[in-house]
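Chains, contacts and geometry: an overview
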Amino acid sequence: VRFFSSDPPTALPTHARVIICGGGVVGTSVAYHLSRLGWREIVLLEQGRLGAGTTRFCAGIVSVAKPLSIESKMADYSNALYERLEEETGIKTGFVRTGSLCLAQNQDRFLSLKRLASRLKVLGVSCDVIKPRDVSQLHPLVNIHDLVGALHLPGDSVVSPPDVNHALAVAAAAHGVQIFEHTSVNQVLVKNGHVTAVETDRGSIECEYFVNCAGQWAYELGQSSEVKVSVPLHGCEHFYLLTKPLPEPTRADSPVVIDMDGRIYARSWNGGILSGGFEKNPKPIFTEGRNQLEIQNMQEDWDHFEPMLSALLRRMPGLEACEIQQLVNCPESFTPDMRCLMGETPGIYGYFVLAGMNSSGISFAGGAGKYLAEWMTYGYPSANVWPLDIKRFGNLQSSRTFLRHRVMEVMPLLYGLKVPRWDFQTGRQLRTSPLYDRLDTQGARWMEKHGFERAKYFVPAGKDLLALDQSKTFYKPDWFDIVGAEVKCCKEAVCVIDMSSFTKFELTSAGDQALVLLQRLCANDLDVPVGHIVHTGMLNERGGYENDCSVVRLSKNSFFIISPTDQQVHCWSWIKKHMPNDPQLHLEDVSWKYTALNLIGPRAMDVLSELSYVSMTPEHFPSLFCKEMSVGYANGIRVMSMTHTGEPGFMLYIPIEYALHVYNEVMSVGQKYGIRNAGYYALRSLRIEKFFAFWGQDLDSFTTPLECGREFRVKFDKVSFWHS
Amino acid sequence: SPARHTYYLTPPQVNSILKANEYNFKVPEFDGKNLSSIMGFDSNQLPANAPIEDRRSAATCLQTRGMLYGVFDGHAGCACAQALSERLFYYIAVSLLPHETLTELENAVENGRPVHPILQWHKHPNDYFSKEASQLYFSSLRTYWQELLDLSVPGEQPDVAEALVSAFKRLDNDMSLEAQVGDPNAFLHYWMLRVAFSGATACVAHIDGNELHIANTGDGRAILGVQEPDGSFSALTLSNDHNAQNESEVQRVRSEHPLSEAKTVVKQDRLLGLLMPFRAFGDVKFKWSIELQRRVLESGPDQLHENEHAKFIPPNYHTPPYLTAAPEVTRHRLRPQDRFLVLGSDGLWETLHRQEVVRIVGEHLTGVHQQQPVSVGGFKVTLGQMQGLLQERKARISSTFEDQNAATHLIRHAVGSNEFGLVDHERLSKTLSLPEELARMYRDDITIIIVQFNPHVIGGQ
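Residues numbered from 1 in each chain as written. Chains lettered and ligands numbered in written order. Predicted model: local features only at pLDDT ≥ 70, side-chain atom pairs only at ≥ 80, totals over all residues. Heavy atoms only, no water.

**Overview of the pattern of salt bridges**
On inspection of all chains with the given rule, the structure shows 53 salt bridges over all chains. With a shortest N-O distance of 3.4 Å, E492(A) and K488(A) are connected by a salt bridge. Of this pair, E492(A) and K488(A) both sit in helix α13 (residues 480-492), 4 residues apart, roughly one helical turn. Of the charged contacts in the structure, one is a salt bridge between R65(B) and D208(B), with a shortest N-O distance of 3.1 Å. On the criterion of sequence distance, the pair formed by R65(B) in the loop between β3 (54-61) and β4 (67-75) and D208(B) in strand β6 (residues 199-208) is long-range, its members being 143 residues apart. Since its relative accessible area comes to 61%, R65(B) is described here as exposed. Residue D208(B) is classed as partly exposed on the basis of its relative accessible area of 22%. Linked by salt bridges that have partners in common, D146(A), D259(A), R314(A) and R315(A) make up one network. (Salt bridge = Lys/Arg side-chain N within 4 Å of Asp/Glu carboxyl O. Helix = DSSP H or I, 4+ residues; strand = E, 2+ residues; numbered from the N terminus. Buried < 20%, exposed > 50% of the residue type's maximum accessible area, 1.4 Å probe, protein only.)

Structure, rendered in structure tokens:
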């Protein structure tokens, strides 16, 4: 099949339904799946030749051993897709079901592999936890003397990525996808918040949908649309070694070896070995942009590769006499949280992204392409992809400096030990509460959510925690008792938790438009008296939670909406998407305007009543009410009788300039009630006890209120006046 | 076969030996800016003799601007080098003082007022000053500045080159006279004689802004590290060795004596067949007449009679003096590409080529390695061979980071480099664990001072 429309160049169409930018394995997978779902007028544009970017060089390992279940699912699907692709297209894809071996050099790693195994079993993926001597049965080259065990994944495979790329393109072309090579996208045109056309170096094409699958170039492509799109990814050099065939050539079906403690992987390649790794000191590249030629001429760096070569020779000592063929430098793109970027961008309707594969492009391409195609077809994919949704990021993760620093941490983490509750160390202290310094000097230890620093717990003066590395454990952490004391104080006295990171919107209208909109979006009844607080979900068509929020009716036509921190972009775009274009209806993000203090505990009302001279008892201030009052010298503080934990207490929404004053007053008055600072770990513990579910973790877009015992927050007989 | 027990020093033991004498000084900054042309200096010594016969000095001139650095390589004992390390910079500093300051100084001493310090020393704790001789040293110095006061004219600035020559010659002369005159204190008297009968070379740098002067007497050497536009370093030699390898120096020595002595005055590449350096302080055996030597020895303390070295008169000794302490002075105007100055005793230069010295120091100071990237090209290379090569290269870089002090790093290379120019721990360990009596046969004392320049200040002037 000839589909290279480059020589002689055929004219571009003037109109298309979908334009996909990027002819790597990801872009062709999207094209393939869209065409299979019945889409027509699909155009795929590639600036060079198909698969000339990362796809051309990547190692071609398809493994389901991924940290997230959704990722394992995508890899599992890719695996099945690549296997049948040869039959479907008649093109050899190099697919060999080799299986893979994840090795453990220590007990912690072995534990993490066992955890992976139990997750995979839930997904129906077969895998076996095996002993070292079984490893040498499966792969005689592997030195097993320093191993404690391994995980065998018999279903994993290897492919030739350029051939998979080619086969996907041929299959897509057979379904009518038009593919144009040597065609660069200069700009994506946007009108009224919708994609309208794409300007290329060979003319423009009108379109309804645009898919950015530009891999290494996705960030820059995002910047070059009329309304800029943030695609937070950054490239790092990635090296792998090719050897000449061994005297006794390696078998094509010998399993892939993944030695994460040695930071290397190795597969059989043309009778020799292909081996690369994820080093501790990655080399970020293309921070200041790039051109296409550079990726073809990357320099080898043997000195940089030395630790990985040594790890390989330690794992497979028999390779010492094996001859070198080449050291390949293949840049990969990485994202701030090592998950790929998928979905519709928050700012522009019809602008989709699938990029940032964190060097698992070949494993993910099939499944990710399928999910994205479903997303574009049905409005949402058939599985919960929130952990990969590009809307988990906003513009705040778009700084090149931030990305450069963060990916240097992310790349080594790919093979790092994934213990619970670890935090990124780079790109920190971006968003902070005005109380940050105060809390920090009182022993706060910090975590980061959506760029915002939040205290995890407070180390009491004189108490020394173990070094950071040692506190990374699968077992009881050293802060356990500290959090225990904070929880106890919340239950018996009173604690302050700075919850300023929460997303806060104000929805106002001249008439009843705000109420109408919220009644439509929220499952609960929002037509409550002024001053009432309503816990509610914003549900999608399937009844799943798109957002979990608390809405305060500030006045007849204005509402204060409080959502989880990482919902800032997603919730905004959800409301915006369903908001009528009415100049009298106004949505404002006021997250930065308020510091939120949570006073939790039975003595919270004593503290507040001393500061405001207002009775705070439940008779005068029942639960789920909001009053504007003065606290100390500061006036206009929104005090809400709720705590997000089920404990008695109050939320104080304080204009930021009063934050320090109110905090100081609360702390000094609170002394005699035993007040202390508490962190998010205490909050989590309290929430679990009362089953206050976490959106994104316990609730997602596939969970309905009925499934999580929240039907009491759904008003089934609500008058739906959005029809009127 | 019998088991062979090889004793090796561990890397920490090696480090503690190498770092025992290291010293570092950073020129203080004001308002975050270093306005001096000098950023600071690193120095270190590694003994081969026991005790070490090399000495080093570094000081800031407080009454004039500028800094002084000196490396002194003693022979026939350490006495002369020790005296130089304590005294020479005072002689130089005083020679540099204008008439007005000398007047002030003399008036203060005369009237028992406190004297403004002339030098601020930058000394390692092992760099000692003798307390007993200080009074004697001071009175000789005062006599010198009184003469300078008579010779100088108000409003005139002393010329640096002239001052250096004058200070060198004067101090050597003073040491000679002090030995002849003697001292009522028997200990001091014997000390004076030991200073005069032993010898030392001196390689001194005076740096004031962009003006660099080197005054060299003997076979120490001063090399400038120049950074080329491509980032590599090249060596610019600022001093001449005064020994038999220097043809013009041989000519000079021969020209100062009758033709009849032409064959004996330089013999077997040594002065009178005995002395390696052709210029030196002390060594009165090559300077005094035979009569003077006999007279001083006879009147000297008893210990001297047991000193075979002092009693020995060189053969073919007809027309003394054969030796001078007069230095050869080189002036250099610092340029932005001049990054550092290395002063070293011959123990350094006989183990490492000057180009290699400059490369090692340059890479250490800039943290940049001029290692060519490895490329397999079309060659047959096995994984094992590649690993060996890469690990050697890594060791080379990591040894750089092991040493905070550039002089220590240079010593590590001087003592431990293998045929590939890489520091080989085994070799380093072997060399350093040689017993004292053997060490001298394999290497000489090494003394190094590395002065780092401030290119921003130099470029800005």
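So much for the structure itself; the text now carries on.
**Some thoughts on helix α7 (residues 247-255) of chain B**
Since there are 3.6 residues in each turn of an α-helix, residues three or four apart along the chain are aligned in direction. Residue and element names in this part refer to chain B. By the burial criterion, the buried members of α7 are E249, V250, R252 and V253. Taken end-on, α7 shows its buried residues confined to a sector of 160 degrees, consistent with a single buried face. Check the buried side of α7 and you find it contacts α8 (262-265), β10 (266-267) and β11 (270-271). (Arc of directions from axis to C-beta. Contact = heavy atoms within 4.5 Å.)

**A look at the side chain of E546(A)**
All names here are of chain A. Examined against the element boundaries, E546 turns out to sit in strand β28 (residues 545-555). One buried charged residue, E546, forms no salt bridge at all, with the nearest opposite charge on R542 at 4.7 Å. At 2.9 Å, the side chain of E546 forms a polar contact with the side chain of N540. Residues contacting E546, with those up to four places away along its chain left out, are M538, L539, N540, Q567, H570, W574, W695 and S701. (Lys, Arg positive; Asp, Glu negative; His and termini not counted. Polar contact = N/O pair within 3.5 Å; in protein donor to acceptor, adjacent residues only side chain to side chain.)

**Structural notes on empty space enclosed by the protein**
Residue and element names in this part refer to chain A. Overall, the coordinates contain 5 cavities of 30 Å³ or more when judged by the stated rule. The computed volume of the second largest cavity comes to approximately 50 Å³. Around the second largest cavity, the lining residues are S433, L439, W446, F452, E453, R454, A455, D498, M499, S500, S501 and Y680. Here the lining of the second largest cavity takes 4 residues from strand β24 (residues 452-458), the largest share from any one element. (1 Å grid on protein atoms, 1.4 Å probe; cavity = no way out; pocket = protein on both sides within 12 Å on 5 of 7 lines; lining within 4 Å. Points joined across faces, edges and corners; volume = space filled by probe spheres on them.)

**Here's the deal with the sheet that holds strand β20 (residues 332-334) of chain A**
All names here are of chain A. Sheet architecture is open: 3 strands sit in the order β18-β13-β20, paired in antiparallel fashion. Each having just a single partner strand, β18 (284-285) and β20 make up the two edges of the open sheet. With 2 bridges connecting them, strand β13 (residues 234-236) and β18 associate as antiparallel partners. Its bridge partner being in β18, G235 is matched across the sheet by I285. Its contacts with the sheet put helix α11 (residues 400-413) on β13, β18 and β20, and the angle it makes with β13 is roughly 45 degrees. (Pairing = 2+ DSSP bridges. Axes fitted to C-alpha atoms, helices over the stretch in contact; angles between N-to-C directions.)

**Quick look at the state of the cysteines**
If you walk through the whole model with that rule in mind, you get 0 disulfides over all chains. Free cysteine C330(A): the closest other cysteine sulfur is in C58(A), separated by 6.3 Å. Here C80(B) stays free of any disulfide, with the sulfur of C78(B) as its closest cysteine sulfur at 10 Å. (Disulfide = S-S within 2.5 Å.)

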